[in-house]
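Structural overview for review
Each chain is listed here by its residues.
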Amino acid sequence: MKSKGKVRVAVIGCGVISELHLRCYAHNPHVKVVAVCDLLPERAKRAAEERAPGARWTTDAAEIFADPGVDAVSICTDHASHRPLACAALAAGKHVLCEKSLAVNAADLRRMLDAADAHPELVAAGVFQHRFEPLPRVLRALVEEGAFGRLLTATGSLYTLRDAEYFRRDAWRGTRKSEGGSVLINQSIHYFDLMLWIAGGAASARAYSANLGHEGLIETEDTIAVSLRLRDGGLGSFVATNAGIKQWKSALEFQGTAGGVEIRDDRLAWLSLADKAAEKRVRARIDRALSSGERLFAKGKAYYGPGHQAQIDDFIKAIRTGGRPFVTFADAAQSDAMVFAAYASAAR
Ligand SMILES: NC(=O)c1ccc[n+]([C@@H]2O[C@H](COP(=O)([O-])OP(=O)(O)OC[C@H]3O[C@@H](n4cnc5c(N)ncnc54)[C@H](O)[C@@H]3O)[C@@H](O)[C@H]2O)c1
C-alpha cells in the first residue's frame, strides 16, 4: 500500500537507541515524527521536547496503535516487548521497524513472522543496520559470485566488556525473560548476523555458553562458542565475550577453495586468492568499499555504524513505494533463529 505525503512515524521506547532513530527520521524529508512513547513519562516527555519537536508523548503504546494519524512505528524497547508491540502494531495496520533482536525466543519469533505474513500490505522490517554498509555488501557479493570458490569456513568473534554498572542500570539486561540472553543476542549479534548473511545463512547451530565474569550479577551468558553448519555445506564458528577488558575487538573471516579474506575491526587484515589477477580485482573492490567513507565498525558508540540512516531511509522508501525493505522480518529472523538454536544447544 502506498502512502501519500509524509509518513507519520511514532517511536516506541525512548532509551539509548531511540535517539539514533529520531535523528535519522529527522534527516528524512518524507517523515514526520508525530508521537513518542515510553513507559517512563519523563523519558517520553524528554524525547518529545528534545528530539521530536511538535510530536506528542504518551506512556501507552495502545494509544499509538489506535491513532489513525500514525502510519508506522519504530520499536526501540527491551527484547521481550518486541513481540507484543510488533504484533499489536501490525494488527492495527501500522508499518513496523523493530530493533534487534526481533524476539527473545523461537516461539515469539514465529508469532512475529506469522503476524507479518498476515499483513503483506504492511512493511515489517528488522534492524540489522550493518547489512547496509559497503564492506559487508561487497563481501556478500564476492561470496555469492564464488570469488573464494566453494565456501569452506566462516568464522567470527567479538571481545568486549559490559560491566556491573551496565547490567544494573536497566532491569531487563542480563535476564533470560527480558533480554533472552546476553553477549550473543545483544552485543555480538551484528557480527554473528554479518557472518551468517555474508556466508549465505546457516542451517543449524550447536553451542557452549558460560558466565565467567558476571556470576551472581546476570543469569545469562557472558561468553559463548557457537558451531554452525552453513546452508551451502561449509562450517561456521563464532565466539564472543562481554567479560573481557574495555575494548571492541571484532573479526570476520571467510575461507574457500579458491582463497579467503579476513576483516579485523574495520580493516582488511588479509586477502589471498589462488588466482593473483583475480585477487587484485577483489582487493580493489574491497578498497573501494572501505574508502567510500563508511566504516564497518568504529570505536565507541560509533560502532553502531552509519547504517541506521540507510536502514530508516530504506524502511520509509518501502512504505512510500509499496516495495520490499532490504531486511524484512523473515530476513532478520534467519540470524535470530540461529541465536535461539545456539541457546537451546547450550542449555542441553
Ligand atoms: N542496532 C543497534 O546497534 C542497537 C544498539 C543499541 C540497542 N539496540 C536495541 O534497541 C533496543 C532498545 O535498547 P536500548 O539500549 O535503547 O534500551 P533502553 O533500556 O535504553 O531503552 C528501552 C526503553 O523502552 C521502554 N519500554 C519498554 N517497554 C515499553 C513499552 N511496552 N512501551 C513503551 N516503552 C517501553 C523502557 O522504559 C526504556 O526507556 C533493544 O532491542 C536493543 O538490543 C540496538
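The rules behind these values
Residues numbered from 1 in each chain as written. Predicted model: local features only at pLDDT ≥ 70, side-chain atom pairs only at ≥ 80, totals over all residues. Heavy atoms only, no water. Salt bridge = Lys/Arg side-chain N within 4 Å of Asp/Glu carboxyl O. Helix = DSSP H or I, 4+ residues; strand = E, 2+ residues; numbered from the N terminus. Buried < 20%, exposed > 50% of the residue type's maximum accessible area, 1.4 Å probe, protein only. Contact = heavy atoms within 4.5 Å.

On inspection of all chains with the given rule, the structure shows 17 salt bridges. Residue Glu 165 pairs with Arg 169 through a salt bridge whose shortest N-O separation is 3.9 Å. With Glu 165 and Arg 169 both in helix H7 (residues 164–169) and four residues apart, this pair spans about one turn of that helix. Considered together, Glu 165 and Arg 169 belong to a single accessibility category, that of exposed residues. Among the ionic pairs, Glu 279 bridges to Lys 276, the shortest N-O distance being 2.6 Å. In this pair, Glu 279 and Lys 276 are both assigned in helix H9 (residues 276–291), three residues apart and thus about one turn of the helix distant. Several salt bridges share partner residues, and in doing so they unite Arg 43, Asp 170 and Arg 173 into one network.

Turning our eyes to something else, we now look at the side chain of His 21. With respect to the secondary-structure elements, His 21 resides in helix H1 (residues 18–27). Taking the relative accessible area as the measure of exposure, His 21 reaches 0% and is therefore buried. Among all residues touching His 21, those that are not within four sequence positions of it are Ser 74, Cys 76, Leu 97, Glu 99, Val 127, His 308 and Ile 312.

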